[in-house]
Amino acid sequence: MSSFSSPPTDFKKLGLAGICDCHTHIFPPAEQFPFNAKRNYTPAIATLEALDALHAAMGVDRVVLAHPSPYGTDNSSMLYALESWGPARGRGVAVIDESFTQDTLKRFHAAGVRGVRVNLETHGHQDPASAAQQLRAAAEQVAPLGWHVQVYTNLDVIAGMQDTIRNLPTPLVVDHFGKLDASKPLTQQGFDVLCALVQSGKVYVKLSAPYRISERAGYPDGEQFARALINANSDRMVWGTDWPHPMPPKGVKRDPNVIEHARPEDDFAALTRIAKWAGDPVTIKKVLVDNAARLYDF
């Protein structure tokens, strides 16, 4: 199968209608959508209009908004985005708790929500037993709707709850390469478990935000991990930008009393990079279009 030696930056030349950015956030002005008082950071404004303009320039047709932690379980900003996008363009991943009724979740489904997010890493939850309990509770709550559970955590936690993951009544979507460490080898603890879960078909991985796993310019050390995950099961890989890139500089502790400015990233380069890492036209289409269409019910 042929490969692109230099992947084109104009993806419409590939005939790839339906490219999906599977991991984005928006932060409208706080006067419009107030932040949760218990948040651990306060992001700078990042509007829906700015995200739409970026995607139009990139040739990205579909988008998934992962509801961000500063809003807690108030999903109003996500629902606002989904109403703007409509069913042909947008999907959402909500943040909920046990108080959400099935009637509320059905309304979310009608709006375009197809999953719930369990954000362990941002909140410092490192205990696999506790993490497994949270995943089970979330999965049982949304399984009747045919949704998935999305988790942001690291390889150690994933390995520690692998049996729970295999027995969940829903698919599991792992954010940002499973928070592996690209400076370490493929044999690092837990990566084999993640690959096995991917191979089984139970787990999808978002090949997103490589700056969360690498400190090298251009993130070349992430390539071997992306290729290993793709080789494990190319039908379970999706891509996302993580726009507007909410991540503090290394060594800076988050402070909700200080506005945290987004990390500068080249999203055009990110799209070109993932095509290079995927390698051939069939796999590129899977990662950028087909797998997301299946997972998010486009």
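Residues numbered from 1 in each chain as written. Predicted model: local features only at pLDDT ≥ 70, side-chain atom pairs only at ≥ 80, totals over all residues. Heavy atoms only, no water.

With that settled, the discussion passes to the overall build of the chain. A tally of helices and strands in the chain yields ten helices and ten strands. Computed over its C-alpha atoms, the radius of gyration of the chain comes to 18 Å, within 12% of the 19 Å expected for a compact globule of 298 residues. Overall, the chain is about 50 × 40 × 40 Å in size when its C-alpha atoms are taken along their principal axes. Classification of the 298 residues of the chain by burial places 56% in the buried group. When contacts within the chain are restricted to residue pairs at least 6 apart in sequence, long-range pairs at least 24 apart make up 78% of them. Put simply, the chain shows about 12700 Å² of open surface, and 52% of that area lies on carbon and sulfur atoms. Taking the average place of the 30 positive charges on the side chains of the chain and the average place of its 32 negative ones, the gap between the two points comes to 3 Å. (Helix = DSSP H or I, 4+ residues; strand = E, 2+ residues; numbered from the N terminus. Rg over C-alpha atoms; globule rule 2.2 N^0.38 Å. Buried < 20%, exposed > 50% of the residue type's maximum accessible area, 1.4 Å probe, protein only. Contact = heavy atoms within 4.5 Å. Areas by Shrake-Rupley, 256 points an atom, 1.4 Å probe, with all protein chains shown as cover. Lys, Arg positive; Asp, Glu negative; His and termini not counted. Charge placed at Lys NZ, Arg CZ, Asp CG, Glu CD.)

It is worth spelling out empty space enclosed by the protein at this point. The tally for this structure, following the rule as stated, stands at one cavity of 30 Å³ or more. Roughly 110 Å³ of volume is contained in the largest cavity. In terms of lining, the largest cavity is formed by 16 residues, of which the most central are Ala209, Pro210, Trp239, Ala270 and Arg273. For the lining of the largest cavity, the secondary structure elements donating two or more residues are strand 8 (203-208), strand 9 (237-240) and helix 9 (267-278). In terms of residue count, the dominant contributor to the lining of the largest cavity is helix 9 (five residues). Residues of the lining of the largest cavity, tallied by class, amount to nine nonpolar, four polar and three charged. (1 Å grid on protein atoms, 1.4 Å probe; cavity = no way out; pocket = protein on both sides within 12 Å on 5 of 7 lines; lining within 4 Å. Points joined across faces, edges and corners; volume = space filled by probe spheres on them. Nonpolar A, V, L, I, M, F, W, Y, C, P; charged D, E, K, R; others polar.)

The next thing to look at is helix 7 (residues 191-200). Within helix 7, the full set of buried residues consists of Phe191, Val193, Leu194, Cys195, Leu197 and Val198. In the core, the buried residues of helix 7 are packed alongside helix 5 (155-160), helix 6 (162-166), strand 7 (172-174), strand 8, helix 8 (223-232) and strand 9. Just downstream of helix 7 lies Gly201, where phi reads positive at about 90°.

Okay, the pairing of strand 9 next. Burial along strand 9 is two-sided: the residues Met237 and Trp239 and Val238 and Gly240 are all buried. As judged from the four bridges shared by strand 8 and strand 9, these two strands associate in the parallel manner. Counterpart to Lys206 in the pairing with strand 9 is Val238. You can see the chain leave strand 8, run along helix 8 and come back into strand 9, and the turn it takes is right-handed. (Pairing = 2+ DSSP bridges. Right-handed = clockwise from strand over helix to strand, strands pointing away.)

A separate point is the sheet that holds strand 9. Remark on secondary structure: sheet strands pair via backbone hydrogen bonds, oriented parallel or antiparallel. Across the sheet, eight strands lie side by side as 1-3-4-5-6-7-8-9; this open sheet has parallel pairing. Of all strands in the sheet, those with a lone pairing partner are strand 1 (20-24) and strand 9, marking the two edges. The sheet shows a mean angle of 25° between the axes of neighbouring strands, direction not considered. Bridging between strand 5 (residues 113-119) and strand 6 (residues 148-152) involves five bridges; their strand directions are parallel. Residue Val118 lies in a different strand from strand 6, and its bridge partner there is Val151. (Axes fitted to C-alpha atoms, helices over the stretch in contact; angles between N-to-C directions.)

What follows deals with the nonpolar core. Counting residues in each nonpolar core, the largest one holds 78 residues, and the members touching the most others are Leu194 and Leu229. Core analysis: the next-biggest nonpolar cluster, separate from the first, contains ten residues, Val64, Val173, Ala292 and Leu295 among them. (Core = buried A, V, L, I, M, F, W, Y, C linked by side-chain atoms within 4.5 Å.)

This next bit is on the layout of surface pockets. Considered as a void within the structure, the largest pocket measures approximately 920 Å³ in volume. Listed by contribution, the elements that provide at least two residues to the lining of the largest pocket are strand 5 and helix 5. Taken together, the residues of the lining of the largest pocket break down into twelve nonpolar, eleven polar and 15 charged.

What follows concerns the pattern of salt bridges. Scanning the entire structure with this criterion turns up twelve salt bridges. Between Asp235 and Lys286 there is a salt bridge, with the nearest N and O atoms lying 3.1 Å from each other. With Asp235 in the loop between helix 8 and strand 9 and Lys286 in helix 10 (residues 281-295), this residue pair connects regions lying 51 residues apart in the sequence. With relative accessibility at 29%, the residue Asp235 sits in the partly exposed group. Across the salt bridge formed by Asp290 and Lys285, the nearest N and O atoms sit 2.8 Å from each other. (Salt bridge = Lys/Arg side-chain N within 4 Å of Asp/Glu carboxyl O.)

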